[in-house]
Amino acid sequence: QWYLIARDANNGCELWREKIDTKKGYVDKSFCADDKLVFCIEGAPNQLNELVARDGNSGKIYRKYPISLGASVTSLNDCLITGGTIIEKESGKIRWKKPAICQSAGANDTVFVYDGKNVEAVKLSDGKTIWKIELEDFKLSNIYLRKIFSKADMIYIKIESVESSTTRKYIL
């Protein structure tokens, strides 16, 4: 059994606890929050995942998004990012989709997507490309991207292969 638990950051007191269904391995990366809501990817084994928004103050379900999703979710402004899909928080509407083989990252009004060959910076508002680079400097065999992370004016890309593991950073 898995529980989503909220605690007061000032004193550690438990505010609420809700039982959730989730698949093994999804718990560490399957939730995020904004100022009002906690978003969690839930789904019992043998069921499709669904994105559930819970009230941050009570833990009660605020809304469910009726779409099949990946295993990770990130909050960015008025949207949620899951894989290469951008979902509007309020309406649940898919704003745009891009092919992605890992969880995309976001900063300010930009989403960073990796499609297996290129890293692309995309406008959150409409999905239009800002810049796109091929990862030519990683001509290793058995290469796969593990994570894209953005903070301030930098994007960090962790890439692993059988031969090595390295982190590259790019200025936005």
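Small disclaimer: the values here were computed from a predicted structure and weren't measured. (Residues numbered from 1 in each chain as written. Predicted model: local features only at pLDDT ≥ 70, side-chain atom pairs only at ≥ 80, totals over all residues. Heavy atoms only, no water.)

A. Main features of the pairing of strand β13 (residues 118–123). Of all six residues making up β13, five are buried, and the element is well covered by its neighbours. The sheet contact formed by strand β12 (residues 110–114) and β13 spans five bridges and is antiparallel. Note on β13: the bridge partner recorded for Val113 is Glu120. In this sheet, strand β14 (residues 129–134) lies alongside β13 in antiparallel orientation, the contact comprising five bridges. Across the sheet, the residue bridging to Glu120 is Lys132, located in β14. Where β13 folds back on β14, the antiparallel hairpin that results is connected by five residues, among which Gly127 adopts a positive phi of roughly 80 degrees. (Buried < 20%, exposed > 50% of the residue type's maximum accessible area, 1.4 Å probe, protein only. Helix = DSSP H or I, 4+ residues; strand = E, 2+ residues; numbered from the N terminus. Pairing = 2+ DSSP bridges.)

B. The environment of Gly127, seen in detail. Relative to the helices and strands, Gly127 is located in the loop between β13 and β14. Classification of Gly127 by relative accessible area gives buried; the value is 10%. Residues Gly127 and Trp96 lie 31 residues apart in sequence; the distance between their C-alpha atoms is 6.0 Å. In this view, Gly127 contacts Trp96, Lys98 and Val122; residues no more than four positions away in its chain are not counted. (Contact = heavy atoms within 4.5 Å.)

C. Here's a closer look at the sheet that holds strand β5 (residues 50–55). Taking strand neighbours across the sheet as the criterion, the four strands line up as β3-β4-β5-β6 in an open arrangement whose pairing is antiparallel. This sheet does not close on itself; its edge strands, each paired only once, are β3 (31–33) and β6 (61–65). Averaged over all neighbouring strand pairs, the angle between strand axes comes to 20 degrees, with direction disregarded. Relative to β6, β5 runs antiparallel, the two sharing four bridges. What sits directly across from Val52, in β6, is Lys64. (Axes fitted to C-alpha atoms, helices over the stretch in contact; angles between N-to-C directions.)

D. Structural detail: the pairing of strand β4 (residues 37–42). Of all six residues that make up β4, six are buried, and the element is covered over most of its length. Of the two faces of β4, the one holding Leu37, Phe39 and Ile41 and the one holding Val38, Cys40 and Glu42 are both buried throughout. Sheet analysis places β3 next to β4, joined by three bridges and oriented antiparallel. In the strand pairing of β4, Ala33 is matched with Val38. Between the antiparallel neighbours β3 and β4 lie three residues. With six bridges joining them, β4 and β5 adopt antiparallel strand pairing. Residue Val38 lies in a different strand from β5, and its bridge partner there is Arg54.

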